[in-house]
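Residues per chain are reported as follows:
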Amino acid sequence: MMSKTTGLLVAAILALFAAPALAGDMIQFKKELKWFPTPPASGDAEPSVEDLANSQITVKEENYDQTYYVYEGVATRQKYDTAKIKRVVYGEKPARFIEASDAMGSGDFGTAVAGFDELAKNKRNPHWVRQYSLYNIGRIYQEGVGDLKNAIAAWDRYEKEFPRGKFLPKALVASGLAYLTIGDEAKARSSFSKLERLKGLPEGAKKQAKYWTIKITQLKGEKAGNAGLINQALTQ
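Residues numbered from 1 in each chain as written. Predicted model: local features only at pLDDT ≥ 70, side-chain atom pairs only at ≥ 80, totals over all residues. Heavy atoms only, no water.

Enquirer: Help me understand the pattern of salt bridges, please; the structure alone is not making it clear to me.
Expert: Side chains that carry opposite charge are capable of pairing whenever their charged atoms lie near each other. Under the counting rule described, the total for this entry stands at 15 salt bridges. Where aspartate 117 meets arginine 157, a salt bridge forms, and the shortest distance between an N and an O atom there is 2.8 Å. Of this pair, aspartate 117 sits in helix α4 (residues 109–121) while arginine 157 sits in helix α6 (residues 148–161), and the two are 40 residues apart along the sequence. Here glutamate 185 ties to arginine 189 by a salt bridge, and the two come within 2.9 Å at their closest N and O atoms. With glutamate 185 and arginine 189 both in helix α8 (residues 185–197) and four residues apart, the pair spans about one turn of that helix. Here the salt bridges share partners, and the residues they tie into one network are Asp117, Lys121, Lys123, Arg157 and Glu161. (Salt bridge = Lys/Arg side-chain N within 4 Å of Asp/Glu carboxyl O. Helix = DSSP H or I, 4+ residues; strand = E, 2+ residues; numbered from the N terminus.)

Structure (structure tokens):
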């Protein structure tokens, strides 16, 4: 006869195997828009829920120079050059992140910032959730409501928490333009100089850094935000 303890153990093991597996992630490359680890089964440009469920990789960290991932059941991290990647599609998105993203899209910026801030503060959230949340806070303040003081604070926070983050080059450019807009040319130059000094910066980003360093002289005394340059910097 099975003991109570043994019975509970067996039940727990069966429940574990019965539980649905977490969805994996997928990476799309710029070259020929190829997918990794496998293309969508339907042949569509967008992976389906089933595609993500069958993916055996988890993207652990997106930095401006390298993107790290692991295969299911393997601890060793592998990497790709971020410059070669068009996008990462994540299989598991927290409900709070979806809610905040929807609020951002509908213009409910107060709700969006509150949601993203909550997500960014929770260290148990995946690296990408916290990083994208901070980036979105910066965008909302700078592009959405034009609150440059809080935008600068958001970019500083991003730089502190993700010193090699995927969006760091954009954050530094946006910060520099915000400083320029409020008339602080010294701090604007400092932001662009940081960008130029980043180690492992892709060639395209290096050119962007030099471009904005030169552009700052032309923009001296102008309202960069009114010229649409902030949006240009964030979408390059």
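Picking up where we left off.
Enquirer: So what exactly am I meant to see when it comes to the nonpolar core here?
Expert: General note: in soluble globular proteins, nonpolar side chains tend to be found buried as a group. Judged by nonpolar contacts, the single largest core of 45 residues is most densely connected at Ile27, Phe97, Phe116, Tyr158, Leu195 and Leu198. The element best represented in this core is helix α5 (residues 127–144), accounting for eight residues. Those residues in contact with isoleucine 27, other than ones at most four positions away along the chain, are Lys34, Trp35, Phe36, Ile57, Val59, Tyr80, Ile85, Arg87 and Val88. (Core = buried A, V, L, I, M, F, W, Y, C linked by side-chain atoms within 4.5 Å. Buried < 20%, exposed > 50% of the residue type's maximum accessible area, 1.4 Å probe, protein only. Contact = heavy atoms within 4.5 Å.)

Enquirer: What am I meant to see in the sheet that holds strand β4 (residues 66–71) here?
Expert: Strand-to-strand pairing in sheets goes through backbone hydrogen bonds, with the strands running parallel or antiparallel. An order of β3-β4-β5 is seen for the three strands of this open sheet, with the pairing classed as antiparallel. This sheet does not close on itself; its edge strands, each paired only once, are β3 (57–62) and β5 (78–81). Taken over all neighbouring pairs, the strand axes of this sheet differ in orientation by 30° on average, direction set aside. Looking at chain direction, β3 and β4 are connected through five bridges and run antiparallel. Within the sheet, the bridge partner assigned to valine 59 lies in β4 and is tyrosine 69. (Pairing = 2+ DSSP bridges. Axes fitted to C-alpha atoms, helices over the stretch in contact; angles between N-to-C directions.)

Enquirer: Would you mind going over the side chain of serine 191 with me for this structure?
Expert: By the element assignment, serine 191 lies in helix α8. When sequence neighbours within four positions are dropped, the list of residues in contact with serine 191 reads Leu172, Ser175, Gly176 and Tyr179.

Enquirer: What exactly am I supposed to notice about helix α3 (residues 95–105) here?
Expert: What sets the pattern is the α-helix's 3.6 residues per turn: residues three or four places apart point alike. Among all positions in α3, only Phe97, Ala100 and Ala103 are buried. Across the axial projection of α3, the buried residues extend over an arc of 125°, all falling on one side. Opposite the buried face of α3, by more than 90 degrees, sit the exposed residues Ala95, Asp102 and Gly105. Buried residues in α3 make contact with α4 and α5. With its phi angle positive at about 85°, glycine 107 sits one or two positions after the end of α3. (Arc of directions from axis to C-beta.)

Enquirer: Whenever I open this one, the sheet that holds strand β1 (residues 26–29) confuses me. Can you help?
Expert: Taken in spatial order, the three strands line up as β2-β1-β6 in an open sheet, and their pairing is antiparallel. What marks the edges here is a single partner per strand, and that holds for β2 (35–36) and β6 (85–89). Of the strand pairs in this sheet, β1 and β6 are connected by four bridges, and their pairing is antiparallel. Bridged to isoleucine 27 within β6 is valine 88.

Enquirer: What is the right way to look at unusual backbone geometry in this model?
Expert: Peptide bonds are trans in most cases, and residues, glycine excluded, mostly fall at negative phi. Here the amide bond leading from phenylalanine 36 into proline 37 is cis, since omega sits at 10°, within 30 degrees of zero. Tracing the sequence through the fold places proline 37 in the loop between β2 and α2 (49–54). A positive phi angle is found at glutamate 32, which is not glycine, with a value near 60°. Note on placement: glutamate 32 falls in the loop between β1 and β2. At leucine 33, a residue that is not glycine, the phi angle is positive and equals roughly 55°. Structurally, leucine 33 can be placed in the loop between β1 and β2. Looking at leucine 33, the relative accessible area reads 44%, which means it is partly exposed.

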